[in-house]
Structures are given as C-alpha cells and as structure tokens.
Amino acid sequence: MPGTACIDDIPSGMAIGKIALQGRVIAAPMAGVSDQPYRSLARRFGAALAVSEMVSASPQLRHSRKSRQRTTHDGETGPVSVQLLGAEPQQMADAARHNIAGGADIIDINLGCPTKKVCKRLVGSALMRDEPLVRRILEAVVSASTVPVTLKMRTGWDRDSRNAPTIARIAEEVGIQALSVHGRSRECRYHGPIDYETIARVKWSVSIPVIANGDIWTLEDYWKARTLSGCADVMLGRGILADPWLARRIKHWQRHGETLPATPWSARAEILHAYAQRMRAHLPEKVVVSLLKQWLNQMRGRHEEAARRFAAL
C-alpha cells in the first residue's frame, strides 16, 4: 500500500500521440455501461479519458439506434475516444473515418471483449488467435485515421497462448500510439488473478504507453498494479462503478502522497440520482433501473446502504 509520505515519481499526465492527457487514469470501455452520462461522470471525478462503449464497424449497423447513442458526443469533454469492434480491415478503416468525422479524437480497437456473443463472431478477444489478421486490421485503421489509434487487448486467448507481447510489437510497428492490457486471457473472462507478469512483458516489449487494466478497486489495488506491471498508467472498469471517486483518489495520491477520506453515502446517492435523471431523458424506465442496479451491485460490497437500495429495486 502507498504511504502518505511517498509520492509517485511519474509525470502528472500522459500523451497518446499528440494528445496530452491531464492525468494517468483512464475509464475503460464497458458494454452497456460507458454511455455518455457515465463518461461525463468519470471525467468529472478524475478520469483523464473515458472510452466509449464498443461500436460495431459493420456499415449495416452504423445508423442503428444503439450505434447513434454510443457515438453521440454533444457536450462531452474532449478528448473523445471511440472504440471499434470488427474483424474486416476495410470495414474497420471506414468506421474509423466515419467516427473521426463525427468528432472522435482517438480511435480505439477492441481485442479485449471476452463474451461468447462477441467471440463467436470472431471479433473482440477472438482476434488474438489470428496475428496476421490483427496486423491487417491495425494497418488499415492507422492508415485511414487522422487521429491517434489505440488498442485494448487481453493477455491472450487462453492461459497457454499469452501472445499479448507479440501483438504489442505488431501494434507499435504499424503505428498504434498506446496499448491497454486487461490482465486475464479470454478464457478467464472476468475471474481469477490478474497476470501482472504478462502486462509487464508487454510494457518492456514496446516504447509506446502501456496501460494496466483489471481488478483495480482501491488505491491499494492501483499501487499493486503500478508496482507489479511497471505501468505508470491504469484503466479502471468496474472499480469506478463501486467507487466513482476512485480515479480522483489515485490522482490525488499521485500528486500529493496522501489519501482522500471515504465518501459518505449521501454523496454517492446524489451521483446516482443525477445519473438516473440524465438517463431518463432518452431511455425507458426499466433500462434506467437496470443500469442503477449495475452500479448498486458493485457498490453494495463496500457500502451497507447500497445493499439495501439494491434489494429494494
């Protein structure tokens, strides 16, 4: 655990290509979660960047209701990062151009989603089994983009094929500007220990920024990821749902070497209320309730009142 007298010996920001970020903590893309209201809250509470939900590169889905919602950036604080999902290089390149024209400052490529629904279409983390195809996709998107391109991936398809360092080197060769690595294989999904050793191997395989991701719930978890992976930059997923102030806590410790006090339930409830009000403007009530339950489900292990509110929904 970081001590109050120990301030992190890293610069206060990071760069993705020519884009300078005011911090080193990024909010992860999460399907069904990281919509515009969520991204705005994450940025408000300390995230230097909040990546969109994954957007299909398929031209048939480009103008669907879900795709339009996921690529709406009106009023969103920049820089804007849009994550693309697909396996056909030209479609991915076209989708990159389309989203850049729509306001994306960064294009992120999804090689990380482990769900059956995604992997059975041979996209997401399933692509890690086909390194030549990964190279073609990355080359196509980088060539088509006038903004930095980043990549999010897993350690590999399974525990016996942890090829993230190889894909990292391919990515750097073709012009990817930053990598984020979830410290589990596709086979592990969201369970089991984080493989910091493989993240560290990725870190030392390339010279571009490498961002550690996976099971960072607390300041202590941040310090463990920082120490064992060697990464100065981290990406928070469910940890922000459990504690919306987590990015701010990490940022404050990095700058001042001291921890912030625990956030009272009243402040948490205020955030949940504000989020629900924004969501009700364009989603059915049953969807809003489902989203609130996701937040409360992550909070309830850390706050007794959240457990009571979860049971009441």
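## Side note on the sheet that holds strand β6 (residues 106-111)
Argument step 1. A barrel is described by the order of its strands in space; here eight strands give the closed sequence β3-β4-β5-β6-β7-β8-β9-β10, paired in parallel fashion. Strand-to-strand twist across the sheet, computed as the mean angle between neighbouring axes with direction ignored, equals 25°.
Argument step 2. Pairing analysis gives four bridges linking strand β5 (residues 81-85) to β6, with the strands arranged parallel. Counterpart to L84 in the pairing with β6 is I109.
Argument step 3. Seen against the sheet, helix α3 (residues 89-101) touches β5 and β6 and runs at an angle of roughly 155° to β5.

## A short note on α3
Every α-helix carries 3.6 residues per turn, so stepping three or four residues along brings you back to the same face.
Argument step 1. In a regular helix each residue adds 1.5 Å, so 13 residues correspond to 18 Å; α3 covers 19 Å between its end C-alpha atoms and thus fits that length.
Argument step 2. For α3, the set of buried residues is P89, M92, A93, A95, A96, N99 and I100. Projected down its long axis, α3 shows its buried positions confined to an angular sector of 165°, all on one face.
Argument step 3. On the buried face of α3, the contacting elements are β5, β6 and α5 (131-144).
Argument step 4. Capping the start of α3, E88 holds a side-chain oxygen 2.9 Å from the backbone nitrogen of Q90, two or three residues further along.
Argument step 5. One or two residues past the end of α3 sits G103, with phi positive at roughly 120°.

## Description of the packing of aromatic side chains
Argument step 1. Counted under the stated rule, the structure contains five aromatic pairs.
Argument step 2. Plain terms: the ring middles of W223 and W253 are 5.2 Å apart, the flat faces sit at 65° to each other, and that makes the pair edge-to-face. Of this pair, W223 sits in helix α8 (residues 219-229) while W253 sits in helix α10 (residues 246-256), placing them 30 residues apart in sequence.
Argument step 3. Here W253 falls in the buried class, since its relative accessible area comes to 0%.
Argument step 4. By way of ring pairs, the aromatic residues Y38, Y275 and W295 are connected into one cluster.
Argument step 5. Cation over ring: R129 sits above W157, and NZ or CZ is 3.8 Å from the ring centre.
Argument step 6. In this structure, R154 is placed above the aromatic ring of Y190, and the distance from its NZ or CZ to the ring centre is 5.1 Å.

## Side note on unusual backbone geometry
Argument step 1. Positive phi values are uncommon outside glycine, yet R189 reaches one of about 55°.
Argument step 2. Here R189 shows up in the loop between β8 (178-182) and α7 (196-205).
Argument step 3. Classification of R189 by relative accessible area gives partly exposed; the value is 26%.

## Re the environment of L283
Argument step 1. Assignment of secondary structure puts L283 in the loop between α11 (265-280) and α12 (285-299).
Argument step 2. Sequence spacing of L283 and R268 is 15 residues, and the spatial spacing of their C-alpha atoms is 22 Å.

## Section: the pairing of strand β7 (residues 149-153)
Argument step 1. Of all five residues that make up β7, five are buried, and the element is covered over most of its length.
Argument step 2. Neither face of β7 is exposed, since V149, L151 and M153 on one face and T150 and K152 on the opposite face are all buried.
Argument step 3. Relative to β8, β7 runs parallel, the two being bridged by four bridges. Its bridge partner lying in β8, L151 is registered against L179.
Argument step 4. Each parallel crossover has a hand, and for β7 linked through helix α6 (residues 164-174) to β8 it is right-handed.

## Observations concerning the side chain of T198
Argument step 1. With respect to the element layout, T198 can be found in helix α7.
Argument step 2. Look past the residues within four positions of T198 in its chain and what remains in contact with it is T155, R162, A164 and P165.

## Digging into the pairing of strand β10 (residues 233-236)
Argument step 1. Both faces of β10 are covered, namely the face carrying D233 and M235 and the face carrying V234 and L236.
Argument step 2. The sheet contact formed by strand β3 (residues 25-27) and β10 spans three bridges and is parallel. Each bridged residue has a counterpart across the sheet, and for I26 the counterpart in β10 is M235.
Argument step 3. Pairing of strand β9 (residues 210-213) with β10, which is carried by three bridges, proceeds in the parallel orientation. When the sheet's bridge partners are listed, I211 is paired in β10 with D233.

## Focus on the nonpolar core
Argument step 1. With 79 residues, the main nonpolar core has L151, M153 and L179 as its most contacted residues.
Argument step 2. The contacts of M153, once residues within four sequence positions are left out, are L111, G112, M128, A164, I167, A168, L179, S180, V181, H182 and V202.
Argument step 3. Residues M14, I16, A28 and A178 belong to the second largest nonpolar core, which totals 13 residues.

## Structural notes on the packing of α6 against α7
Argument step 1. Following both chains from N to C, one finds α6 and α7 inclined at 25°, their axes separated by 9 Å at the closest point. Between α6 and α7, the angle falls in the class roughly parallel. Pair α6 / α7 crosses with right-handed handedness. Across the interface between the two elements, A164, P165, A168, R169 and E172 of α6 pack against T198, R201, V202 and S205 of α7.
Argument step 2. Of the residues assigned to the contact of α6 with α7, the class counts are four nonpolar, two polar and three charged.

Thresholds, definitions, all that
Residues numbered from 1 in each chain as written. Predicted model: local features only at pLDDT ≥ 70, side-chain atom pairs only at ≥ 80, totals over all residues. Heavy atoms only, no water. Pairing = 2+ DSSP bridges. Helix = DSSP H or I, 4+ residues; strand = E, 2+ residues; numbered from the N terminus. Axes fitted to C-alpha atoms, helices over the stretch in contact; angles between N-to-C directions. Contact = heavy atoms within 4.5 Å. Expected span 1.5 Å × (residues − 1). Buried < 20%, exposed > 50% of the residue type's maximum accessible area, 1.4 Å probe, protein only. Arc of directions from axis to C-beta. Polar contact = N/O pair within 3.5 Å; in protein donor to acceptor, adjacent residues only side chain to side chain. Phe/Tyr/Trp six-rings, centres within 6.5 Å; stacked < 30°, edge-to-face > 60°. Lys NZ or Arg CZ within 6 Å of the ring centre and 35° of its normal. Right-handed = clockwise from strand over helix to strand, strands pointing away. Core = buried A, V, L, I, M, F, W, Y, C linked by side-chain atoms within 4.5 Å. Parallel < 35°, antiparallel > 145°, perpendicular 65-115°, else oblique. Left-handed = near helix turned anticlockwise from the far one by under 90°. Nonpolar A, V, L, I, M, F, W, Y, C, P; charged D, E, K, R; others polar.

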